[in-house]
Amino acid sequence: MLEPVKFYESEKDLKFYLIDCDSGLMHLIIFPDDTVMLFDCNVTEDNGDKILLFLSKVIPEKDEKQEIDIFVNSHRDQDHLRGLKEINATYKIKSIWDSGQSGANIDNSDYKYYMYLKRKLKEENPKNVCTLVPTNKAVASFGEAEIYCFSAEA
C-alpha cells in the first residue's frame, strides 16, 4: 500500500491521498484525530471496485464502522460527485460541505442523489450541511490540522 505524503510531523500524521479516478477529481484526507474527509467523488463502473477496495484499506474504523465524516463538493459537475450513492452505501457520509457552486450538468442521477443526500442530512441536523464561504480564518480544525477556505477574493 502506498504511504501518503507527510506534510508535518506530529504524534499522528495527517494523511492526504490523491485518488486515481481516471478523470475528474477525488481526494481523501484523514486528519490526526481520524476525521475522514472525502473531497469530490468520481466513482465509475470502470474504477468503482478499485476505489472501494482502496478506501476499505485506508479509512479508519470507528465503533466497528468505516464512515466518511465530511464530503466536500467543490462544484456540482458530474465528475465531482459521480458515484456518491455507492460511496454512501458503503461508507456512510455524515455531513456535507458544499461550495455553493452549481454545476453545468444537473439532469443526471448523480446530481439528483447529491441534492437528495444534502437535503436528508440537513433534515437530520441542520449542522450536517454547510456552504463554505471564503475566509482567511480557519473554518474547522481536526487534531492539529486547520482547514481554510480561500478564494481569489479572500
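Look a little higher up for the structure.
Described in the following lines is the structure provided in the data block. None of these values were measured; they are calculated from a predicted model.

Remarks on the overall build of the protein
In terms of helices and strands, the protein carries 3 helices and 12 strands. In terms of overall dimensions, the protein is globule-like: its C-alpha atoms have a radius of gyration of 15 Å, near the 15 Å expected for 154 residues. Counting only C-alpha atoms and orienting by the principal axes, one finds that the protein spans roughly 45 × 40 × 30 Å. Relative to its 154 residues, the protein shows a buried fraction of 44%. When contacts within the protein are restricted to residue pairs at least 6 apart in sequence, those whose partners lie at least 24 apart make up 60%. Accessible area of the protein: about 9,000 Å², with a carbon and sulfur share of 49%. Positive and negative side-chain charges in the protein, numbering 19 and 28 respectively, have mean positions lying 6 Å apart.

Describing the packing of aromatic side chains
Under the definition given, this model contains 5 aromatic pairs. Both rings, one in Y17 and one in F54, keep their centres 5.3 Å apart while their planes meet at 75 degrees; by these two values the pair is edge-to-face. With Y17 in strand 1 (residues 15–18) and F54 in helix 1 (residues 48–58), this residue pair connects regions lying 37 residues apart in the sequence. Counting every residue linked through ring pairs, the aromatic cluster contains F31, W97 and F142.

Description of the nonpolar core
M26, L28, I87 and I93 are the most contacted members of the largest nonpolar core, which totals 29 residues. Counting residues per element, this core draws most heavily on helix 3 (residues 109–124), at 6 residues. Non-local contacts of M26, meaning those with residues more than four positions away in its chain, are made with Y17, L18, I19, C21, L38, F39, D40, C41, N42, V43, I51 and I87. Judged by nonpolar contacts, the second largest core, of 13 residues, contains M37, L132, F142 and C149.

Digging into the pattern of salt bridges
Overall, the coordinates contain 9 salt bridges when judged by the stated rule. Here K120 and E124 are joined by a salt bridge, their closest N and O atoms 3.4 Å apart. With a gap of 4 residues between them, K120 and E124 both fall in helix 3, about one helical turn apart.

What about the sheet that holds strand 2 (residues 27–30)?
The 6 strands lie next to each other as 1-2-3-7-9-10, forming an open sheet whose pairing is mixed. The open sheet is flanked by strand 1 and strand 10 (129–131), the only strands paired with a single partner. The mean angle between the axes of side-by-side strands here comes to 15 degrees, regardless of whether they run parallel or antiparallel. One ladder, built from 3 bridges, connects strand 3 (residues 36–39) with strand 7 (residues 70–73); its direction is parallel. Residue pairing across strands places M37 opposite I70, the latter belonging to strand 7.

Considering the layout of surface pockets
A volume near 350 Å³ is recorded for the largest pocket. When contributions to the lining of the largest pocket are tallied by element, the ones reaching two or more residues are strand 2, strand 3 and strand 7. Residues that form the lining of the largest pocket fall into these classes: 14 nonpolar, 5 polar and no charged.

Description of the environment of E144
The topology assignment puts E144 in the loop between strand 11 (140–142) and strand 12 (145–147). For E144, a relative accessible area of 57% gives the class exposed. Expressed as a C-alpha distance, the spacing of E144 and D13, which sit 131 residues apart in the sequence, is 9.2 Å.

Conventions used here
- Residues numbered from 1 in each chain as written.
- Predicted model: local features only at pLDDT ≥ 70, side-chain atom pairs only at ≥ 80, totals over all residues.
- Heavy atoms only, no water.
- Helix = DSSP H or I, 4+ residues; strand = E, 2+ residues; numbered from the N terminus.
- Rg over C-alpha atoms; globule rule 2.2 N^0.38 Å.
- Buried < 20%, exposed > 50% of the residue type's maximum accessible area, 1.4 Å probe, protein only.
- Contact = heavy atoms within 4.5 Å.
- Areas by Shrake-Rupley, 256 points an atom, 1.4 Å probe, with all protein chains shown as cover.
- Lys, Arg positive; Asp, Glu negative; His and termini not counted.
- Charge placed at Lys NZ, Arg CZ, Asp CG, Glu CD.
- Phe/Tyr/Trp six-rings, centres within 6.5 Å; stacked < 30°, edge-to-face > 60°.
- Core = buried A, V, L, I, M, F, W, Y, C linked by side-chain atoms within 4.5 Å.
- Salt bridge = Lys/Arg side-chain N within 4 Å of Asp/Glu carboxyl O.
- Pairing = 2+ DSSP bridges.
- Axes fitted to C-alpha atoms, helices over the stretch in contact; angles between N-to-C directions.
- 1 Å grid on protein atoms, 1.4 Å probe; cavity = no way out; pocket = protein on both sides within 12 Å on 5 of 7 lines; lining within 4 Å.
- Points joined across faces, edges and corners; volume = space filled by probe spheres on them.
- Nonpolar A, V, L, I, M, F, W, Y, C, P; charged D, E, K, R; others polar.

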